[in-house]
Amino acid sequence: MRLTRYFLPVLKENPAEAQIVSHRLMLRAGLIKQQAAGIYSWLPMGFKVLRRIEQIVHEEQIRAGHIPMLMPTLQPADLWRESGRYDDYGQEMLRIRDRHERDMLYGPTNEEMITDIFRAHVGSYKDLPLTLYHVQWKFRDEIRPRFGVMRGREFYMKDGYNFDLTREDALHAYNRHLVSYLRTYERMGLQAIPMRADSGPIGGDDTHEFLVLADTGESEVFYDSAVTDIRLGEREIDYDDKAQCQAVLEEFTSLYARTDETHDPEAFAKIPEARRRQARGIEVGQIFYFGTKYSEPMGATVQGPDGKPVPVHMGSHGIGVSRLVGAIIEASHDENGIIWPEGVTPFQCGIVNLKQGDAEADAACDKLYKALASLGLEPLYDDRDERAGAKFATMDLIGLPWRITVGPRGLKNGVVEVTSRKTGESVEMTPKEAVAKIAAIYAPHHPQLDLHPEPMANRSFHTWL
Ligand code: 5CA
């Protein structure tokens, strides 16, 4: 993408309404625009990041054996009357009446609707286990929407629902979700720690929240600092292997890590003092096992092996997809702007032309741009007629992990400069080496990248983004 043809409305001033850095940077970098309290438009570059995050979520859910689908945002109130939550949910639920005076609502979550789908189509234990999920907009009429997309009223969430014959099978589904979530967050360059939590209006006894530690987080958390040393990493996971998934759950949840609702000062005091931490965190996901809380009142039963109907054991599992954009920025920025992790960056690198209009510099930039694009990468080429300082400031603000700087002086020696946004370190190399370096960096994030392509006019990679 050439910057002169893109829509990137960066702000010069710090927006007064933003209290935390991620909100400020999302507005300044032209990622979002507020339309009403807690309701945002996703401008092109924000939309790209949102889609990258959603894509990782899909890939990891599908890897875990979970099946994508799509449910509507509007739901009939009657479904929620069946579960008893229509009245319980209170003012957070946005209630709507249609022209036929039917009560509707904008879904804050989908336990009832998925249970309705299940009971309509599944009748036998032989069809289990089953986990269905979707990524869809939700609405919760939060009293205090704040911090931009972190606590929105309209927000984008992945929510998944498992149906199992027994409690044991449903707990395996719980563990599977825990493992797949750890992988999901790590791919986004985040450490999200599973912590024992409270189940709130979703219900059930078993629940963990995933927290990204950040001073601006809304949750108060207590943990043993040793949990921050554990990583899932590249290990192979067989999601059908119950023992393996259980072992990962135990590895990640045996040490003390709790949100304030479930905090137990006595247990906390047993941790060696040097490892006791009280901090704040951003909740980027939550998993629940709630057994038959919805299946029983809503009649979601299957015929068991003995021919008798049994209510299915369920859980639900959510990832805050839109909140993650803010959480990633909270975890990865400096005083000059965002620092996108490579897994979610909207463009893999920037190209800065130090002397727009100089025939040699323009030609070198065009060539670099084409070489990167032909590999399936998407560079953002700053081809504006601007001072170098202004171009660098924009690149730093929008936070692309790598920048290739092209200027007449370097080109005389046959080199361009490749700079890491994170470390600020710059290395001179030939344009060809620069392309190879960027491609090698992204190869693990995009297995579909073709590093030795035939010349090809129409590549499908990310073309709709
Ligand atoms: N039905 C369950 C699991 S699918 C559920 O709704 N869980 S939840 O309430 O914990 O929401 C899942 C995730 O959505 C949260 O962990 C959080 O990351 C995100 N989320 C919740 N409320 C908001 C909000 N107001 N703004 C942005 N993200 C939110």
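Bear in mind the structure is a predicted one, so any value in this text is a computation, not a measurement. (Residues numbered from 1 in each chain as written. Predicted model: local features only at pLDDT ≥ 70, side-chain atom pairs only at ≥ 80, totals over all residues. Heavy atoms only, no water.)

Q: Talk me through the overall build of the protein; I want residue IDs and the actual numbers.
A: Looking only at helices and strands, one finds 13 helices and 23 strands in the protein. Rg of the C-alpha trace for the protein: 24 Å, near the compact-globule value of 23 Å for 465 residues, within the 12% margin. Each principal axis of the C-alpha atoms in the protein carries an extent, and together these give about 80 × 60 × 50 Å. Looking at the protein as a whole, 52% of its 465 residues qualify as buried. Long-range contacts, defined as pairs at least 24 residues apart, comprise 71% of the intrachain contacts of the protein with a sequence gap of at least 6. With 56 positive and 69 negative side-chain charges, the protein shows a separation of 4 Å between the mean positions of the two kinds. (Helix = DSSP H or I, 4+ residues; strand = E, 2+ residues; numbered from the N terminus. Rg over C-alpha atoms; globule rule 2.2 N^0.38 Å. Buried < 20%, exposed > 50% of the residue type's maximum accessible area, 1.4 Å probe, protein only. Contact = heavy atoms within 4.5 Å. Lys, Arg positive; Asp, Glu negative; His and termini not counted. Charge placed at Lys NZ, Arg CZ, Asp CG, Glu CD.)

Q: So what's going on with the domain arrangement of the protein? Which residues, and what values?
A: How big an interface is tends to be expressed through the accessible area that disappears when the partners come together. According to the domain assignment, the protein consists of domain 1 (3-337) and domain 2 (349-462). Its C-alpha centre places domain 1 at a distance of 36 Å from the equivalent point of domain 2. Contacts between domain 1 and domain 2 engage 15 residues on the former and 13 residues on the latter. A buried area of about 1200 Å², summed over both sides, lies between domain 1 and domain 2, and 59% of it is on carbon and sulfur atoms. Contact with domain 2 buries area across many residues of domain 1, yet Leu3, Thr4 and Arg52 alone supply 40% of it, more than any other trio. The interface formed by domain 1 and domain 2 includes 3 salt bridges. For Lys48, the salt bridge goes to Glu378, with nearest N and O atoms at 3.0 Å. Viewed at the interface, domain 2 and domain 1 are joined by 7 residue pairs in polar contact (both at pLDDT 80 or more). Residue assignment for the side of domain 1 that touches domain 2 shows that the elements contributing at least two residues are helix H1 (21-28) and helix H2 (44-63). (Domains from an automatic or database assignment. Buried area = accessible area lost by both parts, 1.4 Å probe. Salt bridge = Lys/Arg side-chain N within 4 Å of Asp/Glu carboxyl O. Polar contact = N/O pair within 3.5 Å; in protein donor to acceptor, adjacent residues only side chain to side chain.)

Q: Provide a residue-level description of the site of the ligand, including the pertinent values.
A: Near the ligand you find 22 residues, and of these Thr109, Glu111, Arg140, Gly152 and Glu283 are the closest. Contact between the ligand and Glu111: a nitrogen atom at 2.6 Å from a side-chain N or O atom of the residue. Arg140 is positioned with one of its side-chain polar atoms (N or O) 2.8 Å from an oxygen atom of the ligand. In the complex, 96% of the free accessible area of the ligand, which totals 600 Å², lies under the protein chains. Put simply, the parts of the chain that give the shell around the ligand at least two residues each are strand S8 (154-164), strand S13 (276-291) and strand S16 (313-320). Per-element tally for the shell around the ligand: the top contributor is S13, with 5 residues. Split into classes, the residues belonging to the shell around the ligand amount to 7 nonpolar, 8 polar and 7 charged. (Near = heavy atom within 4 Å. Areas by Shrake-Rupley, 256 points an atom, 1.4 Å probe, with all protein chains shown as cover. Nonpolar A, V, L, I, M, F, W, Y, C, P; charged D, E, K, R; others polar.)

Q: Can you break down the packing of aromatic side chains residue by residue, with the values?
A: One pass over the structure, following the stated rule, counts 12 aromatic pairs. With 5.6 Å between their ring centres and 80 degrees between their planes, Trp80 and Tyr89 make a pair best called edge-to-face. Taking the relative accessible area as the measure of exposure, Trp80 reaches 0% and is therefore buried. Relative accessible area serves as the criterion here: at 9%, Tyr89 is assigned to the buried category. (Phe/Tyr/Trp six-rings, centres within 6.5 Å; stacked < 30°, edge-to-face > 60°.)

Q: Describe in detail the environment of Glu261, supporting the description with residues and values.
A: On the secondary structure map, Glu261 appears in the loop between strand S12 (257-259) and helix H8 (265-269). Through-space distance from the C-alpha of Glu261 to that of Met113 is 29 Å; in sequence the pair is 148 residues apart.

Q: Please set out the packing of H2 against helix H6 (residues 167-187) residue by residue, giving values where relevant.
A: The N-to-C vectors of H2 and H6 enclose an angle of 150 degrees; their axes lie 9 Å apart at closest approach. H6 is crossed by H2, and the crossing has right-handed handedness. Two secondary-structure elements touch here, H2 through Ile56, Val57, Glu59, Glu60, Gln61 and Arg63 and H6 through His177, Ser180, Tyr181, Arg183, Thr184 and Arg187. Here the contact of H2 with H6 is built from residues that sort into 3 nonpolar, 4 polar and 5 charged. (Axes fitted to C-alpha atoms, helices over the stretch in contact; angles between N-to-C directions. Left-handed = near helix turned anticlockwise from the far one by under 90°.)

Q: A description of empty space enclosed by the protein should follow, citing residues and the corresponding values.
A: The final tally for this structure, using the stated rule, is 1 cavity of 30 Å³ or more. In this structure, the largest cavity occupies an estimated 50 Å³ of space. Secondary structure elements with two or more residues in the lining of the largest cavity: strand S2 (39-42) and S8. When the residues that make up the lining of the largest cavity are grouped by side-chain class, the tally is 5 nonpolar, 2 polar and 1 charged. (1 Å grid on protein atoms, 1.4 Å probe; cavity = no way out; pocket = protein on both sides within 12 Å on 5 of 7 lines; lining within 4 Å. Points joined across faces, edges and corners; volume = space filled by probe spheres on them.)

Q: Please give an account of the sheet that holds strand S6 (residues 103-106) that cites residues and values.
A: Across the sheet, which stays open at both edges, the 3 strands sit in the order S4-S6-S5 with antiparallel pairing between neighbours. At either end of the open sheet lies a strand with only one pairing partner, and these are strand S4 (74-76) and strand S5 (94-97). Mean inter-strand twist for the sheet, computed between neighbouring axes without regard to direction, equals 35 degrees. (Pairing = 2+ DSSP bridges.)

Q: Could you give an account of the sheet that holds strand S23 (residues 426-429), with specific residues and numbers?
A: Reading across the sheet, the 5 strands line up as S20-S19-S21-S22-S23 and stay open at both edges, with mixed pairing between neighbours. A strand with exactly one partner marks an edge of an open sheet, and here the two such strands are strand S20 (379-382) and S23. Neighbour-to-neighbour, the strand axes of the sheet open up by a mean angle of 20 degrees, direction not taken into account. Here strand S22 (residues 416-420) pairs with S23 via 4 bridges, running antiparallel. Looking across to S23, one finds that Thr419 is bridged to Ser426. Packed onto the sheet, helix H10 (residues 359-374) meets strand S19 (349-353), S20 and strand S21 (402-406) and runs at close to 165 degrees relative to S19. Lying over the sheet, helix H13 (residues 431-442) contacts S19, S21, S22 and S23, oriented at roughly 170 degrees with respect to S21.

Q: Could you give me a rundown of the confidence of the model for the protein, with the residues and numbers involved?
A: Mean pLDDT over the protein works out to 94, with 96% of the residues at or above the 70 mark. This stretch, residues 452-465, has a pLDDT under 50; its non-local contacts, to residues over four places away or in other chains, come to 20 contacts. (pLDDT = per-residue confidence, 0-100.)

Q: Can you break down H1 residue by residue, with the values?
A: Most of H1 sits out of view: 6 of its 8 residues are buried. Listing the buried residues of H1 in full gives Val21, Ser22, His23, Leu25, Met26 and Leu27. Looking at the buried side of H1, the elements it contacts are strand S1 (32-36), S2, helix H9 (321-331), strand S17 (333-334), strand S18 (337-338) and helix H11 (388-398).

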